[in-house]
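If you want the building blocks of each chain, they are given just below.
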Amino acid sequence: MEDLLIQNAYIIDGTGTPGFPGTLSVRNGRISGIWRQAAHRTPARETLDAGGNVLCPGFVDTHTHSDMILLHDGRQPSSITQGVTTEILGQDGLSYAPLSPDHLSSYAKYLKGIDGTFDDVTLDFSTVEQYLSRLDGNTGVNTAFLVPHCALRLETAGFENRKLSAQEMSRAKDLLLQGLDEGAKGFSTGLSYFPGAYSNTDELVELCSAMAERGDVYVTHLRTVFQGERFDAVEEALDIARRSGVKLHFSHYRTGGETIGHVQKIMEKIDRAIQEGLDITLELYPYPYGASYAPMLVPPWASEGGVDAILKRLTDPQQRRRIADYIDREFPLFDGVIAYAGEDSSLEGRTFRELAREQGQSMGQTVAGLLLSQKLVIGFHDPEPELSGEVQRQFERDVLALLSRPNYMVGSDAIHLGTSPHPRAWGSFAKLLRLAREYRFPLETMIQRLSDLPCRRFGLSGRGRLQAGYCADMVLFDSQTVTDRATAENPRTQASGVKNVWVNGRAALLDGIPTGALAGRRA
């Protein structure tokens, strides 16, 4: 007997082929049968009439910053309510394994502005295996993981601005390969963040060379920290792939600002590299503005030593002025909406420029003062740009043009903290389903980009398709009404039009209401 029989569904199986009216059954957490008859009958403990709505594989969010919050509260309604059933963690080189106890404790403080810390989360893991075991069976979504570059740096050179010695490089490669052996799906860098941004191109080539033969993926947030003459960050990533032979994946790569309407321009170098034979995939989220955390604005020299050393420098008026001058010089157009402030929640929702005007200070002085008063715990997102209707529509066309390419997928870059987070956490996937409807983008293609493609790229076996024997990660939604409702003003507003979600065959969302089920497994 089947556990679940879903009749009268419009089945889109995730492969990109045309959908069809049909029936699907689930037994023991896996898809057990699919029929091209809407009213096929077979004995089942539960039968659901899908009402002609779309039934498709659960979506894979290829880029989230849920690494700590899932240990605190695994239910993850922001994902489940959009149909996301799997998240890939360890992004931008920023995560918590492999790290020894002292480094884990100190780096958790450094990442608090992006990931948070929670009294009920005990930092009693060290390896990738131990970290993934903490998540397994305790989350609403499945989880996959990338070995984070910053952890390798901390475990070898500490929080120091220098090259790795030969011995340290050997140790870093051992840690990387151990993490991959323990279940990580690739290696990530975030070359805006410390201590990873202290690395040079040659270091990254050597690390990637160590894993290239395995077929694992190098995932990169492009470099923004340059110590010396600036160079092309896209070319650096391509150079790493050429010299190491690794598979390359670009994080959150899309048009924005002055590049809106210029898809061919931002893709020109990457397209040439693909023609050369490089194995490249990319991801995006459908918003023309981003989010991060304020320690990334601290200069390289002032970031050495980590949290305590940075705070000590900020307490010194002369050094704080040097840091402020650096921020004013390197980020002259910067502004941000404070999403999360660790010591004073009344700051949340305010912009840095508002505070600078009130204080009669430069932007750099204001940011440096906030870093000190909030003990570095400041998350922010860019102000929502005031785009004309035509420019907004052009950005949306850009997003769909990129997703029409067979190597593009979706990562929300979700950051969950504070009262004013970026709406991408609650809206990215529902927004794309809405845009597919509004612009008549093929729904089967969109669903393939959200499900099967990332599973194939990151080796998430047995997921991403509605196919007999595959894990029953599924979403049922109304293709005519599904839409995002999260905005910059109300960023935690649940999407609408997603009816039911199942993770490994267990209901995570029923009639639009999260069940709280913790059925997620290591993917």
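Everything discussed here concerns the structure shown above.
As the structure is a prediction and not an experimental result, all values here were calculated from the model. (Residues numbered from 1 in each chain as written. Predicted model: local features only at pLDDT ≥ 70, side-chain atom pairs only at ≥ 80, totals over all residues. Heavy atoms only, no water.)

1. Some points on the sheet that holds strand β13 (residues 280–284)
Paired through their backbone hydrogen bonds, the strands of a sheet run either parallel or antiparallel. The strand order β9-β10-β11-β12-β13-β17 describes an open sheet built from six strands, whose pairing is parallel. Looking at the sheet topology across the chains shown, the edges are occupied by β9 (147–148) and β17 (408–410). Note: β13 against β17, three bridges, orientation parallel. Residue pairing across strands places Leu284 opposite Val410, the latter belonging to β17. Helix-sheet contacts for helix α9 (residues 233–244) involve β11 (217–221), β12 (247–250) and β13, and the interaxial angle to β12 is about 160 degrees. (Pairing = 2+ DSSP bridges. Helix = DSSP H or I, 4+ residues; strand = E, 2+ residues; numbered from the N terminus. Contact = heavy atoms within 4.5 Å. Axes fitted to C-alpha atoms, helices over the stretch in contact; angles between N-to-C directions.)

2. Concerning the state of the cysteines
Counted according to the given criterion, the structure contains zero disulfides. No disulfide involves Cys455; its sulfur sits 9.4 Å from that of Cys471, the nearest cysteine. Classification of Cys471 by relative accessible area gives buried; the value is 7%. (Disulfide = S-S within 2.5 Å. Buried < 20%, exposed > 50% of the residue type's maximum accessible area, 1.4 Å probe, protein only.)

3. Things to note about the nonpolar core
Counting 133 residues, the largest nonpolar core has Phe59, Phe250, Tyr253 and Phe477 as the members making the most contacts within it. Sequence-distant contacts of Phe59, that is, excluding residues within four places in its chain, are made with Gln82, Gly83, Val84, Thr85, Thr86, Phe429, Leu433, Ile447, Leu450, Val475 and Phe477. Residues Leu4, Val26, Leu466 and Ala472 belong to the second largest nonpolar core, which totals 16 residues. (Core = buried A, V, L, I, M, F, W, Y, C linked by side-chain atoms within 4.5 Å.)

4. Examining the sheet that holds strand β15 (residues 337–341)
In space, the three strands of this open sheet follow the order β14-β16-β15, with antiparallel pairing throughout. A strand with exactly one partner marks an edge of an open sheet, and here the two such strands are β14 (291–293) and β15. On average, each strand axis in the sheet is tilted by 25 degrees relative to the strand beside it, whichever way the strands run. Sheet topology places β15 next to strand β16 (residues 378–381); four bridges connect them, and they run antiparallel. The residue bridging Val337 from the neighbouring strand is His381, located in β16.

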